[in-house]
Amino acid sequence: MTKDEFKKLGYELVDFVAEYRERLETLPVQAPAEPGQIKALFAKSPPQKPEGFGGIQEELRALEPGLTGWQSPNFYAWFPSNAPLHSVLADLVVTGWGNTGITWLASPALTEVEEVMTDWMRQMLGLSEAFQGVIHDTASTATFVAMLCARERSTDLSFERGGLQAEPKPLVVYASAQSHSSVPKGVLLAGFGRENLRFVELDESFDMRADALEAAIAADIAAGKQPSAVIVAIGTTGTTAFDPLEAIGPIARKYGLWVHVDAAMAGSAMILPEMRHLWAGVEGADSICLNPHKWLGVGFDCTLYYVRDPELLIRVMSTNPSYLQSAADGRIKNYKDWGIQLGRRFRALKLWFALKAEGVEGLQARLRRDLENARWLEAEIRQTPGWRLLSPVRLQTLCFRHEPEGMSPEQISGHNKAWVERLNSSGKAMLTSAMLGGGWMARVSVGTLHQEREHVAELWRLMQEEAGRA
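Residues numbered from 1 in each chain as written. Predicted model: local features only at pLDDT ≥ 70, side-chain atom pairs only at ≥ 80, totals over all residues. Heavy atoms only, no water.

## Things to note about the pairing of strand β5 (residues 258-262)
Along β5, five of the five residues are buried, which leaves the element largely enclosed by surrounding structure. With five bridges joining them, strand β4 (residues 226-233) and β5 adopt parallel strand pairing. Considered in β5, the bridge of A233 is made with D262. The β-α-β motif built from β4, the intervening helix α8 (residues 245-255) and the parallel element β5 has right-handed crossover chirality. Summarising the sheet, β5 and strand β6 (residues 287-290) pair through three bridges and their orientation is parallel. Within β6, the position partnered with V261 by the bridge is I288. (Buried < 20%, exposed > 50% of the residue type's maximum accessible area, 1.4 Å probe, protein only. Helix = DSSP H or I, 4+ residues; strand = E, 2+ residues; numbered from the N terminus. Pairing = 2+ DSSP bridges. Right-handed = clockwise from strand over helix to strand, strands pointing away.)

## Points about the state of the cysteines
By the definition in use, this model includes zero disulfides. Left without a disulfide partner, C302 is nearest to the cysteine sulfur of C289, which lies 12 Å away. (Disulfide = S-S within 2.5 Å.)

## Considerations on the environment of A130
Inspection of the secondary structure puts A130 in the loop between α4 (108-125) and β1 (132-136). Since its relative accessible area comes to 32%, A130 is described here as partly exposed. Taking the C-alpha atoms as reference, A130 lies 8.2 Å from V307; in sequence the two are 177 residues apart. Sequence-distant contacts of A130, defined by excluding residues within four places in its chain, comprise V307 and R308. (Contact = heavy atoms within 4.5 Å.)

## Quick notes on the sheet that holds strand β10 (residues 432-436)
Pairing within the open sheet is antiparallel, and its four strands lie in the order β8-β9-β11-β10. Edge positions in the sheet fall to β8 (387-389) and β10, since each has one partner strand and no second. Put simply, the sheet's adjacent strands are angled 40° from each other on average, direction ignored. Pairing analysis gives four bridges linking strand β9 (residues 397-402) to strand β11 (residues 439-445), with the strands arranged antiparallel. (Axes fitted to C-alpha atoms, helices over the stretch in contact; angles between N-to-C directions.)

## Here we look at the sheet that holds β6
Reading across the sheet, the seven strands line up as β1-β7-β6-β5-β4-β2-β3 and stay open at both edges, with mixed pairing between neighbours. At either end of the open sheet lies a strand with only one pairing partner, and these are β1 and β3 (197-200). If you compare each strand with its neighbour and ignore which way they point, the axes differ by 20° on average. The pairing of strand β2 (residues 171-176) with β3 spans four bridges and is classified as parallel. When the sheet's bridge partners are listed, V173 is paired in β3 with L197. Running over the sheet, α8 touches β4 and β5 and is turned about 165° from β4.

## Observations regarding the packing of helix α7 (residues 210-222) against α8
Following both chains from N to C, one finds α7 and α8 inclined at 15°, their axes separated by 9 Å at the closest point. One way to sum up the angle between α7 and α8 is to call them roughly parallel. Seen from above, α7 lies across α8 with right-handed handedness. Contacts from A210, L213, E214, I217 and I221 in α7 reach A247, I248, I251, K254 and Y255 in α8. (Parallel < 35°, antiparallel > 145°, perpendicular 65-115°, else oblique. Left-handed = near helix turned anticlockwise from the far one by under 90°.)

## Focus on unusual backbone geometry
Across the junction of F300 and D301, the peptide omega takes the value 10°, indicating a cis bond. Positionally, D301 belongs in the loop between α9 (292-296) and β7 (303-307). In this structure, F206 is a non-glycine residue whose phi angle is positive, near 70°. Following the sequence through the fold, F206 ends up in the loop between β3 and α7. With a relative accessible area of 17%, F206 lands in the buried category.

## Here's the deal with the side chain of N74
As for its placement among the helices and strands, N74 is situated in the loop between α2 (56-61) and α3 (85-97). Setting aside residues no more than four positions away along its own chain, N74 makes contact with E25, V29, K428, A429, M430 and H455.

Below, the structure is given as structure tokens:
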């Protein structure tokens, strides 16, 4: 592709994306495609000769039935995953530059902008200078890295000897049963074993009970096991529950546990000073992760991972073959030693573009808007007969059931699963159904980029209409 061809097609595709975003509110939110429908658009074998990009817009538009409207103001499923147009442009520049951050020397700008952006975000979150940050792809990776560090601190760097196989005591990790699925996955991949993952009892708000944690730790010690880490959920995926970090921290320090704070979605709320009480005690954590690529408004993928002891992280993650050494070593950060991957994308540019576009105050205003809209919907549900909230609404996620009179618990469960599926299939909005307490519930996550009160009010009307068809 020549420079002129790139410019011509590039302008056309920018127009294509902008036009798609303009139409987004009118498109079905849940992808209407049937299994295999998109795959059937492609030939069974790859093209042997160049095809060029003539007609590419029509071909791309043919894929639209397979696109879920994550950026639609009528999207309330899973979590917000905002991709503002400034992030689209940042990704264009990043790929256009084509730099890969292996070492500082491989791309000094990539490394140093990441240093600045992680520090800016640390300040915005109200964290002290005790924490240093790095950008990973997702919270799944960050949790895995945290578990590797916890494992090695508990065993005084067993990986330099015989690894976990040579340890005399099994290591144990504690977490909430409401934790994201990446938590048990990270624990298992780090080698702890399923038998050594403890799901601690929860209270009526689905938060971890600190007293139950300490009891579980004491029981494991009595059984000859070694407590290693506790993963504290700050805003669980299912119900946005908040484990009591302030109470858990002293228990963890008493028994020498690594404290990892999983604040993947809810962590963005901590740019609001009035919300920081939700992670009181965070300064006692060993590691923290949060995803700006969710609610904050940075295009996927971009996870912030903060640690109090970067020297241990580097000791565990470092690799230093001769071909990656340079005269700058010792005076700079080499982020290859801060995580799993050797090479890295210029993800920090998306954070920079977000702050240039909206500033701290603009980001705060949008999050406050979403919180107000969630509280409005909470009030509507509370005051409407036949509807029941199932967990506290502490951020922008609501969990509830429609409970018609005369239905058994089993019938109510099936009813809620059914009306959510009907509403999603209509294409007018998209939320999720999930299991809680043995029954199906409806779950609404407020917070896409252009989601205003009018959209939330329309969702409430649609929910009542669909649920009323029972």
